[in-house]
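Fold and geometry: a report
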Amino acid sequence: MNQLLNKTKGDKVIWALVVLLALMSLLVIYSSTGSLAYKMYKGNTEIYLFKQVVFIGVGLVLIYFFHQVNYTIYSRVSKVLFWLVIPLLIYTLFFGVRLNEGSRWIKLPIINLTFQTSDLAKLVLFMYLSRMLSKKQEVIKDFKKGFLPLIIPVGLVCVFIAPANLSTALLVGATSMLLLFIGRASMKHLFYTGLIAMIPVVILVLMAVWQHKEGNGVAPKVENRNKLTARVATWVNRVESFMYGSDQKNDEDNYQVNQAKIAIAKGGWMGLGPGNSEQRNFLPHPYSDFIYAIIIEEYGIAGGAFVLFVYLVFLFRSIQLFRKCPFAFGAFLALALSFTLVIQAMTNMAVNVNLFPVTGVTLPLVSMGGSSFLFTCTAIGIILSVSRFVEKNQLEGKEEEEEEEETQDEKEEAHD
């Protein structure tokens, strides 16, 4: 055990935050899945807890493995993986496992495991984008030589994710734009790109307003068999629910938000206590999409604020890592992966407290395990790989300074 701890390098604060979120996940998953497990598995209320323990164990192994890998390898691997992930997204869009009118998953043969290709695409895109940003710094202001080679990969990934998972595509796009801004891309280029990206969002809002006026506050059920546009009706309904929620009594998304509001109201400042959630029996997906509402119900606004603080500390440590890393690729990579995790967490929290329309994104490292949980652990492992290099670089720098001081002392003694 001591040998394993000695080999564990990187930012100790980030390691501590990961363990803290994992322990919090166990508590909330056990509480939020108790009733579901009792019904589904004939009284075996611990089954989801055991599954989460397994996922956390596998996740920690992934973090340890990837943090031991030299982060420069990810630069070389990204240019191969990126051109493999695009066909994979296209395949998923047309032939993937369909759920809720969206085709987001593919099933791996033999092991019979399904995973969201968008999770892999996000990870690969930010590795590739970090590589390109580090290489294009001298021409970053030039539209053809600098900006286009960066924005085209982002556009491709977002376009192929959007038909099945618009919220993820928007988050990927927003994170990429933020990274390009930090990478000194032209503000003019970013501004016009942002305007173009906002066009479909504005259209959705206008469709929601029109639908509400035409339907007198009742969202019509629209059936669409086209795989590319099957989710449009769902997006419009969700935006309408967010804008006119109080007028829609039978809307499913509005029901989710209302149950989350009840959970938050019951929690108050200090919460009902661990395992005492009442809304877990009424709130859809209390172990994934709406797990933050359960946290507030059981641990109060104080507990919810603490979770927010943990993610902010994680982001702060990653920004410090960005400043300390002597090489551009490692700095951009750590920042990009931390941004995507924290922005996802903020979005999940915003949905739970009704500051954002229902999206379906999970709370990283806290929501019940799945492919998203494992890819999150992989991303954290890569961040810690960069941290390990920075730590080693600083240690070698200190040793060189000490050797120079010793040499100077010896010279002074010899002179005396």
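Residues numbered from 1 in each chain as written. Predicted model: local features only at pLDDT ≥ 70, side-chain atom pairs only at ≥ 80, totals over all residues. Heavy atoms only, no water.

**Observations regarding the overall build of the protein**
When its secondary structure is counted, the protein shows 14 helices and three strands. Classification of the 416 residues of the protein by burial places 49% in the buried group. Restricting to contacts in the protein with at least 6 residues of sequence separation, those with at least 24 account for 73%. Carbon together with sulfur atoms contributes 64% to the accessible area of the protein, which is approximately 21400 Å² in total. (Helix = DSSP H or I, 4+ residues; strand = E, 2+ residues; numbered from the N terminus. Buried < 20%, exposed > 50% of the residue type's maximum accessible area, 1.4 Å probe, protein only. Contact = heavy atoms within 4.5 Å. Areas by Shrake-Rupley, 256 points an atom, 1.4 Å probe, with all protein chains shown as cover.)

**Here we look at the environment of proline 364**
Examined against the element boundaries, proline 364 turns out to sit in the loop between α13 (328–352) and α14 (371–415). Its relative accessible area of 4% is what places proline 364 among the buried residues. The sequence separation of proline 364 and asparagine 348 amounts to 16 residues, and the corresponding C-alpha distance is 9.0 Å. If sequence neighbours within four positions are ignored, proline 364 has contacts with Tyr311, Leu341, Gln344, Ala345 and Thr376.

**Structural notes on the pattern of salt bridges**
Tallied over the full model, the rule gives three salt bridges. Of the charged contacts in the structure, one is a salt bridge between arginine 317 and aspartate 11, with a shortest N-O distance of 3.0 Å. Of the two residues, arginine 317 sits in helix α12 (residues 291–324) while aspartate 11 sits in the loop between α1 (2–7) and α2 (12–32), which places them 306 residues apart along the sequence. Given the relative accessible area of 23%, arginine 317 is considered partly exposed. Taking the shortest distance from any N to any O, the salt bridge between lysine 266 and glutamate 278 comes out at 2.8 Å. One end of the pair, lysine 266, is in helix α11 (residues 252–267); the other, glutamate 278, is in the loop between α11 and α12, with twelve residues separating them in the sequence. A residue is classified by how much of its surface remains accessible, and lysine 266, at 34% relative accessible area, is partly exposed. (Salt bridge = Lys/Arg side-chain N within 4 Å of Asp/Glu carboxyl O.)

**Describing the environment of valine 13**
With respect to the helices, strands and loops of the structure, valine 13 is situated in helix α2. Since its relative accessible area comes to 30%, valine 13 is described here as partly exposed. Placed 304 residues apart in sequence, valine 13 and arginine 317 show a C-alpha to C-alpha distance of 7.7 Å. Sequence-distant contacts of valine 13, defined by excluding residues within four places in its chain, comprise Val313 and Arg317.

**Considering the nonpolar core**
Within the largest apolar cluster, 101 residues are counted, with the highest numbers of intra-cluster contacts made by Tyr74, Leu180, Leu363 and Ile380. Sequence-distant contacts of isoleucine 380, defined by excluding residues within four places in its chain, comprise Ile14, Val18, Ile63, Phe314, Leu341 and Leu365. (Core = buried A, V, L, I, M, F, W, Y, C linked by side-chain atoms within 4.5 Å.)

**Things to note about the side chain of threonine 359**
Of note, threonine 359 is situated in the loop between α13 and α14. One polar contact links the side chain of threonine 359 to the main-chain amide nitrogen of valine 361, over a distance of 3.4 Å. Here threonine 359 is in contact with Ser167, Arg238, Thr347 and Val351, once residues within four sequence places are set aside. (Polar contact = N/O pair within 3.5 Å; in protein donor to acceptor, adjacent residues only side chain to side chain.)

**A word on unusual backbone geometry**
Despite not being glycine, histidine 285 shows a phi value in the positive range, around 55°. By the secondary structure assignment, histidine 285 is in the loop between α11 and α12. Overall, histidine 285 belongs to the partly exposed group, its relative accessible area being 36%. One non-glycine residue, leucine 365, lies in the positive phi region at around 70°.

**Structural notes on the packing of helix α6 (residues 117–135) against α13**
Relative to each other, α6 and α13 sit at 145°, their axes nearing to 8 Å. α6 and α13 meet at a crossing whose hand is right-handed. Of the residues in α13, those touching α6 at Lys122, Leu123, Phe126, Met127, Ser130, Arg131, Leu133 and Ser134 are Ala328, Phe329, Phe332, Leu333, Ala336, Leu337, Thr340 and Gln344. Of the residues belonging to the contact of α6 with α13, the class tally is ten nonpolar, four polar and two charged. (Axes fitted to C-alpha atoms, helices over the stretch in contact; angles between N-to-C directions. Left-handed = near helix turned anticlockwise from the far one by under 90°. Nonpolar A, V, L, I, M, F, W, Y, C, P; charged D, E, K, R; others polar.)

**Brief notes about α12**
Between its terminal C-alpha atoms α12 stretches only 35 Å, short of the 50 Å expected from 34 residues at 1.5 Å a residue. The principal kink in α12, of about 125°, is found at tyrosine 299. (Expected span 1.5 Å × (residues − 1). Bend = angle between axes of the 7 residues up to and from the residue.)

**Side note on helix α10 (residues 232–244)**
Relative to the 18 Å expected for 13 residues at 1.5 Å per residue, α10 spans 18 Å between its end C-alpha atoms, a close match to the ideal helical length. Turning to α10, its buried residues are Ala233, Thr234, Trp235, Val236, Asn237, Arg238, Val239, Glu240 and Ser241.

**Some thoughts on the packing of helix α5 (residues 72–95) against helix α7 (residues 143–161)**
For any two helices packed against each other, the geometry comes down to the angle between their axes and how far apart the axes lie. At a closest axis distance of 9 Å, the pairing of α5 and α7 adopts a crossing angle of 20°. Taken together, the axes of α5 and α7 lie roughly parallel to each other. In this structure, α5 meets α7 at a crossing whose hand is left-handed. In this structure, α5 uses Phe82, Ile86, Leu89, Ile90 and Leu93 to contact α7, whose residues at the interface are Pro153, Leu156, Val157, Phe160 and Ile161. Its residues assigned to classes, the contact of α5 with α7 comprises ten nonpolar, no polar and no charged. (Parallel < 35°, antiparallel > 145°, perpendicular 65-115°, else oblique.)

**A word on the packing of aromatic side chains**
Counting across every chain of the model gives eleven aromatic pairs. Aromatic side chains phenylalanine 327 and phenylalanine 389 sit 5.8 Å apart centroid to centroid with 45° between the ring planes, which places their arrangement in the tilted category. With phenylalanine 327 in the loop between α12 and α13 and phenylalanine 389 in helix α14, the pair connects residues that are 62 residues apart, well separated along the chain. (Phe/Tyr/Trp six-rings, centres within 6.5 Å; stacked < 30°, edge-to-face > 60°.)

**Observations regarding the confidence of the model for the protein**
Across the protein, the average pLDDT comes to 83, with 83% of residues at 70 or higher. In this model residues 217–222 is a low-confidence stretch, pLDDT under 50, and it forms 13 contacts with partners more than four residues away in sequence or in other chains. (pLDDT = per-residue confidence, 0-100.)

**Remarks on the side chain of aspartate 289**
Checked against the element boundaries, aspartate 289 lands in the loop between α11 and α12. Despite its burial, aspartate 289 pairs with no opposite charge, the nearest such side chain being arginine 238 at 6.3 Å. Not counting residues within four places of it along the chain, the set of residues in contact with aspartate 289 comprises Asn348, Asn352, Gly360, Val361 and Thr362. (Lys, Arg positive; Asp, Glu negative; His and termini not counted.)

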